[in-house]
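An overview of the molecular structure
What follows is the residue order along each chain.
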Amino acid sequence: MIQYIALTAVVVVFYICLAIVVFAPTIYAFWFYVIGKRMPVKRKRMLRIALTTFVINGVVAYFLFQLAFNYFLVSKVAEKDAVALSVVRAAVVSQQKFFASHGRYYAVGPVRGPYEDEHGLNVEEDVILQVVPLWDKADGRDAFEAYATHVLGRNVCMVTKDGKIVQVSPESEEISGIRAKLVRSVK
């Protein structure tokens, strides 16, 4: 809880400092307007300059916001989801090798990387993985389900009973519940 509060405070301070840097010309122009009230200067002109500066800063801030959230943040989240997908693929390979030699699947986790086990499974840093062996009643054979998500990612990568690897967006209640359970289990 204390870590969460401290992290939130750091993020808030960062955004306040960023807003001060972006709107520094506006702050400067309004300061001249306030000081201009005490001096014999045309105040309307100073107010017009301050408002024009504010509008220009608002446009610049809007474009910086769009650039950050639509280009940088989206690509970083996609990278994190790709790392989780590669971990699921590595888990499938590890499970298949173990099944070939032992005739069964083994359970993993949920674990948060960096993690490596004796069967060759390597989980990257900040990826949460869970592998659950189960019995497929329809086919009458052993199967497993694997779930992985990155702490900073958005999607849940999973292996279904039939062996398909899919990346699912947390729009459904079931998938968002799986992601929440994985993240809560390794805090």
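Above: the structure in question.
Notes on the structure follow. (Residues numbered from 1 in each chain as written. Predicted model: local features only at pLDDT ≥ 70, side-chain atom pairs only at ≥ 80, totals over all residues. Heavy atoms only, no water.)

Turning to the environment of G153, a few remarks are in order. Topologically, G153 is positioned in the loop between β5 (141-150) and β6 (156-159). With relative accessibility at 11%, the residue G153 sits in the buried group. Not counting chain neighbours up to four residues away, the residues in contact with G153 comprise V77, K80, D81 and R179. (Helix = DSSP H or I, 4+ residues; strand = E, 2+ residues; numbered from the N terminus. Buried < 20%, exposed > 50% of the residue type's maximum accessible area, 1.4 Å probe, protein only. Contact = heavy atoms within 4.5 Å.)

Before going further, it helps to spend a moment on the sheet that holds strand β4 (residues 127-136). Where strands meet in a sheet, backbone hydrogen bonds hold them as pairs that are either parallel or antiparallel. Read across the sheet, five strands follow the order β1-β4-β5-β6-β7 without closing on themselves; strand pairing throughout is antiparallel. Unpaired on one side and paired on the other, β1 (108-112) and β7 (165-168) mark the two borders of the sheet. Each neighbouring strand pair of the sheet contributes to a mean axis angle of 15 degrees, computed without reference to strand direction. Two strands pair when backbone bridges link them, and β5 and β6 are joined in this way by three bridges, in the antiparallel orientation. (Pairing = 2+ DSSP bridges. Axes fitted to C-alpha atoms, helices over the stretch in contact; angles between N-to-C directions.)

This part covers the packing of helix α1 (residues 2-22) against helix α2 (residues 24-36). The interhelical angle for the contact between α1 and α2, taken along N-to-C directions, is 60 degrees, at an axis separation of 4 Å. In terms of their interaxial angle, α1 and α2 are classed as oblique. Within the contact between the two elements, α1 uses I20, V21 and V22 and α2 uses A24, P25 and I27. Class assignment of the residues belonging to the contact of α1 with α2 gives a composition of six nonpolar, no polar and no charged. (Parallel < 35°, antiparallel > 145°, perpendicular 65-115°, else oblique. Nonpolar A, V, L, I, M, F, W, Y, C, P; charged D, E, K, R; others polar.)

Together, L7, V11, F14, Y15, L18, F65, F69 and L73 make up an exposed nonpolar region whose accessible area comes to about 760 Å². Listed by contribution, the elements that provide at least two residues to the nonpolar patch are α1 and α3 (43-102). Among the elements that take part in the nonpolar patch, α1 stands out by supplying five residues, more than any other. If you trace the backbone, L18 turns up in helix α1. On the basis of relative accessible area, L18 is assigned to the partly exposed category, the value being 40%. (Patch = residues over 30% accessible without salt bridge, like charges linked within 9 Å, V, L, I, M, F, W, Y side chains within 5 Å. Areas by Shrake-Rupley, 256 points an atom, 1.4 Å probe, with all protein chains shown as cover. Salt bridge = Lys/Arg side-chain N within 4 Å of Asp/Glu carboxyl O.)

With that out of the way, let us pick up the pattern of salt bridges. Summed over all chains, the structure comprises one salt bridge. Residues R112 and D126 are paired through a salt bridge, measuring 2.8 Å at the closest nitrogen-oxygen approach. With a gap of 14 residues between them, R112 in strand β1 and D126 in the loop between β3 (122-123) and β4 connect regions that are remote in the sequence. On the basis of relative accessibility, which here comes to 37%, the residue R112 falls in the partly exposed class. Take D126: its relative accessible area is 22%, and that puts it in the partly exposed class.

Moving on to helix α4 (residues 173-185). The end-to-end C-alpha distance of α4, which contains 13 residues, comes to 18 Å, matching closely the 18 Å that a straight helix rising 1.5 Å per residue would cover. Within the span of α4, buried status applies to I175, I178, R179 and L182. Buried positions in α4, seen along its axis, are confined to an arc of 95 degrees and lie on one side of it. Residues of α4 that are exposed and point more than 90 degrees away from the buried face comprise E173 and R184. Its buried side turned inward, α4 meets β1, β4, β5, β6 and β7. (Expected span 1.5 Å × (residues − 1). Arc of directions from axis to C-beta.)

This part is about the nonpolar core. A general trend in soluble globular proteins is that nonpolar side chains are found buried together. Residues V108, L121, V123, L129, V131 and F144 are the most contacted members of the largest nonpolar core, which totals 21 residues. Mapped by element, the contributors of at least two residues to this core are α3, β1, β4, β5 and β6. Beyond its immediate stretch of four places on either side in the chain, L129 contacts V87, A91, V108, G109, P110, V111, L121, V123, Y147 and A148. Core analysis: the next-biggest nonpolar cluster, separate from the first, contains eight residues, M158, I175, I178 and V186 among them. (Core = buried A, V, L, I, M, F, W, Y, C linked by side-chain atoms within 4.5 Å.)

We now examine the packing of aromatic side chains. Across all of its chains, the model carries seven aromatic pairs by this definition. Taking the centre distance of 5.6 Å and the plane angle of 70 degrees together, the rings of Y62 and F63 count as edge-to-face. Of the residues examined, Y62 reaches a relative accessible area of 48% and is grouped as partly exposed. Here a set of aromatic residues connected by ring pairs shows up, and it is made of F99, Y105 and F144. (Phe/Tyr/Trp six-rings, centres within 6.5 Å; stacked < 30°, edge-to-face > 60°.)

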